[in-house]
Protein chains: 2
Amino acid sequence: MKTDLLITGVAQLVTAEGAEAKRGRAMGSLKILTDAALAVTDGRIAWVGKASDWAGQAAAIVDVRGAAVVPGLIDPHTHAVWAGDRLADFEARTSGATYEQILAAGGGIRSTVRATAAASQDVLVKLARPRIEALMRSGATTIEVKSGYGFSAAAEIAMLEAIAVLAGSVGARILATLLIHIPPVDGTERRGYVEHVCAELIPEVARRGLATAVDVFVEREAWQVSEAEEMFAAAKKNGLAVKLHSDQFHSIGGVELGVRVGALSVDHLEAAGAAQIASVAASGTIATVLPGVSLHLGIPAASGRKLIDAGAAVAVGTDLNPGSSPLFSSAAALALAVRMNGLTAQEALVAGTVNAACALGLGDRGRLEVGCVADFLVLDSGDWRDLVYTMGANVVREVWVGGRRVEA
Amino acid sequence: MKTDLLITGVAQLVTAEGAEAKRGRAMGSLKILTDAALAVTDGRIAWVGKASDWAGQAAAIVDVRGAAVVPGLIDPHTHAVWAGDRLADFEARTSGATYEQILAAGGGIRSTVRATAAASQDVLVKLARPRIEALMRSGATTIEVKSGYGFSAAAEIAMLEAIAVLAGSVGARILATLLIHIPPVDGTERRGYVEHVCAELIPEVARRGLATAVDVFVEREAWQVSEAEEMFAAAKKNGLAVKLHSDQFHSIGGVELGVRVGALSVDHLEAAGAAQIASVAASGTIATVLPGVSLHLGIPAASGRKLIDAGAAVAVGTDLNPGSSPLFSSAAALALAVRMNGLTAQEALVAGTVNAACALGLGDRGRLEVGCVADFLVLDSGDWRDLVYTMGANVVREVWVGGRRVEA
């Protein structure tokens, strides 16, 4: 075998494997290969095994000298594009101000929408790039980025265009999602907005390839199940996948809708009860938990433990956003998932790799197996567990995407 | 005025100030000077003010171009010297193993004691240095490091000697504390150990200048109040300050003892009730909270809010250690204190600077005032609040100690 690259000197090569992993439902144990090597050709993994079993030729050899190697992390839920900041909101809230007082002072999500609308594409990209680079340094090689601070069709398109520019200018792989976040209007105008999203916005996004999925925030104060269902029908008609922000504060049927329409994932689930857990566990939909929100806002965390024990496949994301989760590390999201959502260390790595890939509809990554893209991390440790054990420091030494080391 | 250095272009220069700050009890509001500058002579702050008011001469000028400048952080509670690791414990515990099962498998604190005892001084220093450097990168300019994995007088001395070597080889200022952690023996031998600590260990530590304080872990399963009181009497007789690990799991009189003997600080306080809070609030003793432990172990966090509302002066530390707080960032400890201990953003900065200095008996740092040591941070932001708002990324751009920029 002739390959482009051989990574050798790997103390532990760690991956979920098997049929369950290929389907993105590998909640169980990891395969840990010691004294391993990994070969890459044309940006994909060509060979994995014990270093002593390698008998091929490689155009280049990189010795990682006893480091652990894990799949590149996949962050399946971010809102990394925004303008303005929410520092005054943060200071006010943590000083005891109510949400209503913050809104009255001009803060809250609508301040982010205003600032984002006022920013040029250049500014949006310039602001988002260091955030994406921080996620990359923390180990993310594929990052989902949502629109959703638009609140009008034109503004959502502008956000997706900025994400497209960003995707071309960073070393990580970026996936864009059209997020229909919060109703920008009330009453009959709200009805008109849903119709416009279905008839105009979703078809345009699909036609121009600006997103691969449509996400709707299903919540008492956001969109109702019937409205989300209409938008998901339009998404599917236009060949886009669907996802939900669901059961964050109230269970109003979001999980059940997601399961019914075959959503890639239902995300949040802090308020999900036994019925919702059973529903997603019996489905092919991924349950994505977002511990950064629970830590930042001090709200109960989704029970990853109950979800997994019921049979659900759990993924973890940062939910990076300025208002409810200023968490700039995908590895830290895994570390928090162990502490806050009750995942084991092994489950956290699975949740941040193969299951997160599945939450984005991607079957070619999140595992270190022949044929997968060669996206992997070289750790600053010989023991992969340091990645989820360590808090407050970065144990990712090198980030490789498509068989090339990227700098962030 | 002629000075060695002028730091200019400071968007916000932030410090606690006033008589309360000088006494390390500044829980209230910060002084935020905009468009500021700071001059340094002989490693100390020589002038602070509006940049437009500067009329002196400086041998060197550094323009921080719109960054915020805050006092260097003070980490008043770490166990940064250890050998071995607790990764297997972590994996077992987060997979549902009980503490007793982990002990039976050879894990727990005694495994750290065994590994630390088996390590040479060179190895201990080599292992600890990157941990100290991680804390420095996160903004710590003064770091307390405890012994306590010794469990014999000779082993505690060896740890303190390693800390002394470490102190001479890193850019941060290191303060050593002799920690009498857990009784190494039972029954009459336990009594003999206390006597040996009082008659031999503490005098030797004091004579050789190996520590500035004695810390005792007062807890049902550790030392009782009467034993701690004996050791504190020996400490004071030998000119050493005293501190306590107190009220972590049970309130057995540790806080009351600390207040009675004039301890610099009582640390942990997760189990402190209203009486303990009132006791420390009425005293000159600092209440140090350690949110990393609560996050890592999933135990309730100390109520920083109740402590402050009662009038206590609160400090924050990482408690960096392998078993209960693998938190390698002093800034992250402040960020967690806001989320977990109920501090406001301003209180968190005070807790991590001037109050933390007071918890170490140091009056010359933690504030940006004339005469204080010139230990400060240049942030990667023009707004100081980013330091406590941001999770999972480091917003410290430059660390200055004694008027010199240090690399870590």
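Numbers given for residues are sequential positions, taken from 1 along each chain in its written order. Just so you know, chain letters begin at A and ligand numbers begin at 1, following the order they were written in. Where totals are concerned, whole chains, interfaces and linings use all residues; where local detail is concerned, this predicted model gives features only for residues with pLDDT of at least 70, and gives and counts side-chain atom pairs only at 80 or more. Heavy atoms throughout the structure, all of them, feed into the side-chain values; hydrogens and water do not.

**Student:** Where do I start with the environment of Ser265(B) in this structure?
**Tutor:** Residues and elements named next belong to chain B. Looking at where Ser265 falls in the secondary structure, it is placed in strand E10 (residues 265–268). Here's how the labels work: a residue is buried when its accessible area is under 20% of the maximum for its type, exposed when over 50%, partly exposed in between, all with a 1.4 Å probe on protein chains only. Given the relative accessible area of 0%, Ser265 is considered buried. With 213 residues separating them in the primary sequence, Ser265 and Ser52 have C-alpha atoms 40 Å apart. Leave out the neighbours within four places in its chain, and Ser265 touches Val242, Lys243, Leu244, Thr285, Ile286, Thr288 and Ala359. At 2.7 Å, the side chain of Ser265 forms a polar contact with the side chain of Asp267. The secondary structure listing takes helices from DSSP runs of H or I that are at least 4 residues long and strands from runs of E that are at least 2 residues long, numbered from the N terminus. Note on contacts: a residue pair is in contact if any heavy atoms of the two residues lie within 4.5 Å. Side-chain atoms alone can form a polar contact between residues adjacent in sequence; in general such a contact is a pair of N or O atoms within 3.5 Å, and within protein one must be able to donate a hydrogen while the other accepts it.

**Student:** Please explain the sheet that holds strand E14 (residues 396–401) of chain B as it appears in this structure.
**Tutor:** Sheet strands line up and pair through hydrogen bonds in the backbone, either parallel or antiparallel. Residues and elements named next belong to chain B. Note on pairing: two strands pair once DSSP finds at least 2 bridges between them. Taken together, 7 strands build an open sheet; the order of strands is E3-E2-E1-E4-E13-E14-E15 and the sheet is mixed. The outermost strands of the open sheet, each flanked by one partner alone, are strand E3 (44–50) and strand E15 (404–406). Sheet twist, expressed as the average angle between the axes of neighbouring strands with direction ignored, equals 35 degrees. Axes here refer to lines fitted to C-alpha atoms; in helices the fit is confined to the stretch in contact. Angles between the N-to-C directions go from 0 to 180 degrees.

**Student:** Explain the packing of aromatic side chains to me, please; I cannot follow it from the model alone.
**Tutor:** Pairs of aromatic rings are described using the distance from one ring centre to the other and the angle between the two planes. Pairing of aromatic side chains requires ring centres within 6.5 Å, counting the rings of Phe and Tyr and the six-membered ring of Trp. Pairs whose planes differ by under 30 degrees are stacked, by over 60 edge-to-face, and all others tilted. Evaluated as defined, the whole model comprises 10 aromatic pairs over all chains. Judged by centre distance (5.4 Å) and plane angle (15 degrees), the rings of Phe376(A) and Trp400(A) are stacked. Remark: Trp400(A) occurs in strand E14 (residues 396–401) and Phe376(A) occurs in strand E13 (residues 376–379); sequence separation between them is 24 residues. Throughout this description, the term charge over a ring refers to an Arg CZ or Lys NZ atom that lies within 6 Å of the ring centre and within 35 degrees of the ring normal. The ring of Trp82(B) is capped by Arg131(B), whose NZ or CZ atom sits 3.5 Å from the centre of that ring.

**Student:** How should the domain arrangement of chain A be read in this particular structure?
**Tutor:** Residues and elements named next belong to chain A. Domain ranges listed in this record stem from an automatic or a database domain assignment. When the domains of chain A are assigned, the result is domain 1 (2–71 + 367–406) and domain 2 (74–359). The C-alpha centroid of domain 2 is placed 29 Å from the C-alpha centroid of domain 1. Taken together, the contact between domain 1 and domain 2 spans 31 residues of the former and 33 residues of the latter. Across the domain 1 to domain 2 interface the summed buried area is about 2,300 Å²; carbon plus sulfur atoms make up 64%. The term buried area means the drop in 1.4 Å probe accessible area that two parts suffer when joined, counted for both and summed. Looking only at domain 1, the three residues that lose the most surface to domain 2 are Arg25, Met27 and Val388, adding up to 32% of its buried area. On inspection of domain 1 and its partner domain 2, the count reaches 5 residue pairs in polar contact (both at pLDDT 80 or more). Considering every element that reaches the side of domain 1 that touches domain 2, the biggest residue donor is E14, with 4 residues.

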